[in-house]
Amino acid sequence: MKKILIVTRNFPPLRGGMERLNLRMAEELSRAAEVRLIAPEGAENHVAKSIAVAAVPLDPLGRFLCAAGLRAFREARSWRPDVVLAGSGLTAPMALIAARACGARAAAYVHGLDLTVPHPIYRAFWRPALRRLDAVIANSQATSKLGQDIGLSIRRISVIPPGVDLLPAPDASARERFRAAHDLGSGPVLLS
């Protein structure tokens, strides 16, 4: 069975789309591989017991980066994962160093802003790390283009848009009541 080490700051108990995405990614990967996670304190309360969590302090950012990097390196050397995956560009350097420490493949799921941060230190250290990854997963074609614009090889970029869970459709009468209450008529409705 493959072994995957995920390193991310974007994970519950933080709330947001990237956090939900990384949670679901860890859960789904754990169905086909052994998964370990390095994430902010409290993450252990949000994952299945089958996923081992090494929790590190969330704040300040510098402390998180140092603690996550050190923990990822140690975990990689002792556990020897096949893949080290960064949940965003922010943790890509940690994933790269950990992967190289044990001969694993290094990858990151990027979201856009993590490729365009204008801070000079970020550009000096993070962008080169992103360019050295074995694989980059972009959340859209637009994000893939941003990656190419900063020098990521198109051959290493895959586009996998974030998915959604579809809830069962409500009964027809509930749908009609909703449409009537909001004067939506019978045409298609797009919610975002």
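Keep in mind that what you see is a predicted model, and the values were worked out from it rather than measured.

A.B. asks: Tell me about helix 6 (residues 141-149), and please be specific about residues and values.
C.D. replies: Of all the positions in helix 6, only Thr143, Ser144 and Gly147 are classed as buried. The arc enclosing the buried residues of helix 6, seen along the axis, measures out at 105°, which places them on a common side. Exposed side of helix 6, more than 90 degrees from the buried face: Gln141, Ala142 and Asp149 are the residues found there. Where helix 6 begins, the capping side chain belongs to Ser140, and its oxygen is found 3.4 Å from the backbone nitrogen of Ala142.

A.B. asks: I'd like a rundown of the nonpolar core, residues and numbers included.
C.D. replies: With 36 residues, the main nonpolar core has Val7, Ile38, Val84, Leu130 and Leu133 as its most contacted residues. Among the elements of the structure, strand 1 (3-7), strand 3 (52-56), helix 2 (61-79), strand 4 (83-86), helix 3 (92-102), strand 5 (105-110), helix 5 (120-132) and strand 6 (135-138) are those that each provide at least two residues to this core. In terms of residue count, the dominant contributor to this core is helix 3 (7 residues). Setting aside chain neighbours within four positions, we find Val84 in contact with Leu5, Val7, Ala95, Ala98, Ala99, Ala104, Arg105, Ala106 and Ala107. Counting residues in each nonpolar core, the second largest holds 18 residues, with Leu23, Met25, Ala43 and Val47 among its members.

A.B. asks: Provide a residue-level description of the layout of surface pockets, including the pertinent values.
C.D. replies: The space that makes up the largest pocket amounts to roughly 600 Å³. Lining the largest pocket are 23 residues; nearest its centre among them are Leu21, Arg24, Met25, Pro162 and Gly163. In terms of residue class, the lining of the largest pocket is built from 15 nonpolar, 3 polar and 5 charged.

A.B. asks: Residues and numbers for helix 2, please.
C.D. replies: Its 19 residues place the ends of helix 2 26 Å apart at the C-alpha level, agreeing with the 27 Å of an ideal helix rising 1.5 Å per residue. Considered for burial, the residues of helix 2 that qualify are Phe64, Leu65, Ala68, Gly69, Ala72, Glu75, Ala76 and Trp79. Angular distribution of buried residues about the axis of helix 2 spans 140°; they occupy a single face of the element. Seen from the open side of helix 2, the exposed residues pointing more than 90 degrees away from its buried face are Arg63, Cys66, Arg74 and Ser78. On its buried side, helix 2 packs onto strand 1, strand 2 (34-40), strand 3, helix 3 and helix 5. Just downstream of helix 2, Arg80 is the residue with a positive phi angle, here 60°.

A.B. asks: Give me the lowdown on the side chain of Arg9, citing residues and values where you can.
C.D. replies: If you trace the backbone, Arg9 turns up in the loop between strand 1 and helix 1 (17-29). Within the local environment of Arg9, its side chain forms a polar contact with the backbone oxygen of Leu58, the two atoms lying 3.0 Å apart. Looking at Arg9, its side chain comes within polar contact range of the side chain of Asp59, at 2.9 Å. Ignoring anything within four residues of it in the chain, the contact list for Arg9 reads Leu14, Pro40, Leu58, Asp59, Leu61, Phe64, Leu90 and Thr91.

A.B. asks: Outline the packing of aromatic side chains, supporting the account with residue identities and numerical values.
C.D. replies: Using the criterion set out here, one finds 1 aromatic pair in the structure. Aromatic side chains Tyr122 and Trp126 sit 5.1 Å apart centroid to centroid with 5° between the ring planes, which places their arrangement in the stacked category. With Tyr122 and Trp126 both in helix 5, this residue pair falls 4 residues apart, about one helical turn. An identical accessibility class is assigned to Tyr122 and Trp126; each is buried.

A.B. asks: Quick rundown of the sheet that holds strand 1? Include the residues and the values.
C.D. replies: On the basis of which strands lie adjacent, the open sheet formed by 7 strands has the order 3-2-1-4-5-6-7 and parallel pairing. Two strands close off the open sheet at either side, each with one partner strand: strand 3 and strand 7 (157-159). Direction aside, neighbouring strands of the sheet carry axes that sit 20° apart on average. Of the strand pairs in this sheet, strand 1 and strand 2 are connected by 5 bridges, and their pairing is parallel. Within strand 2, the position partnered with Ile6 by the bridge is Leu37. The strands that helix 6 touches are strand 5, strand 6 and strand 7; relative to strand 7, the one it contacts most, it runs at about 165°.

A.B. asks: Residue-level account of the environment of Arg77, with values.
C.D. replies: Within the fold, Arg77 resides in helix 2. In this structure the side chain of Arg77 is engaged in a polar contact, spanning 3.1 Å, whose partner is the backbone oxygen of Ala101.

Cut-off values and rules
Residue numbers run consecutively from 1 along every chain, following the written order of its sequence. Local features in this predicted model are restricted to residues of pLDDT 70 or higher, and side-chain atom pairs are both shown and tallied only at a pLDDT of 80 or more, whereas totals for entire chains, interfaces and linings draw on every residue. Only hydrogens and water are set aside; all other atoms, that is, all heavy atoms of the structure, feed into the side-chain values. For each residue, the accessible area found with a 1.4 Å probe, counting protein chains only, is set against the maximum for its type, and the residue is called buried under 20%, exposed over 50%, and partly exposed in between. Numbering of helices and strands runs from the N terminus, with a helix taken as a DSSP run of H or I at least four residues long and a strand as a DSSP run of E at least two residues long. Starting at the helix axis, one direction is taken to each C-beta atom, and the arc is that of these directions. We call two N or O atoms a polar contact when they sit within 3.5 Å, provided that within protein one can donate a hydrogen and the other can accept it, with sequence-adjacent residues counted only if both atoms are side-chain atoms. In these notes, a set of buried Ala, Val, Leu, Ile, Met, Phe, Trp, Tyr and Cys residues joined through side-chain atoms within 4.5 Å is what counts as a nonpolar core. Any pair of residues with heavy atoms lying within 4.5 Å of one another is described as a contacting pair. The rule is simple: put a 1 Å grid over the protein atoms alone, call a set of points where a 1.4 Å probe fits but cannot get out a cavity, call an open set with protein on both sides within 12 Å along at least five of seven lines a pocket, and count a residue as lining if it has an atom within 4 Å of a point. Grid points are joined across faces, edges and corners, and a volume is the space filled by probe spheres set on the points. Nonpolar residues are Ala, Val, Leu, Ile, Met, Phe, Trp, Tyr, Cys and Pro. Charged residues are Asp, Glu, Lys and Arg, and all others, Gly as well, are polar. Residue count minus one, scaled by 1.5 Å, sets the expected span of a helix. Two rings from Phe, Tyr or Trp (for Trp, the six-membered ring) form a pair when their centres sit within 6.5 Å of each other. Planes less than 30 degrees apart are called stacked, planes more than 60 degrees apart edge-to-face, and all others tilted. Pairing between strands requires that DSSP locate at least two bridges from one strand to the other. Here the axes come from fitting lines to C-alpha atoms, over the contacting stretch only for helices, and the angles between their N-to-C directions go from 0 to 180 degrees.

All we've got here are geometric facts, nothing functional implied.
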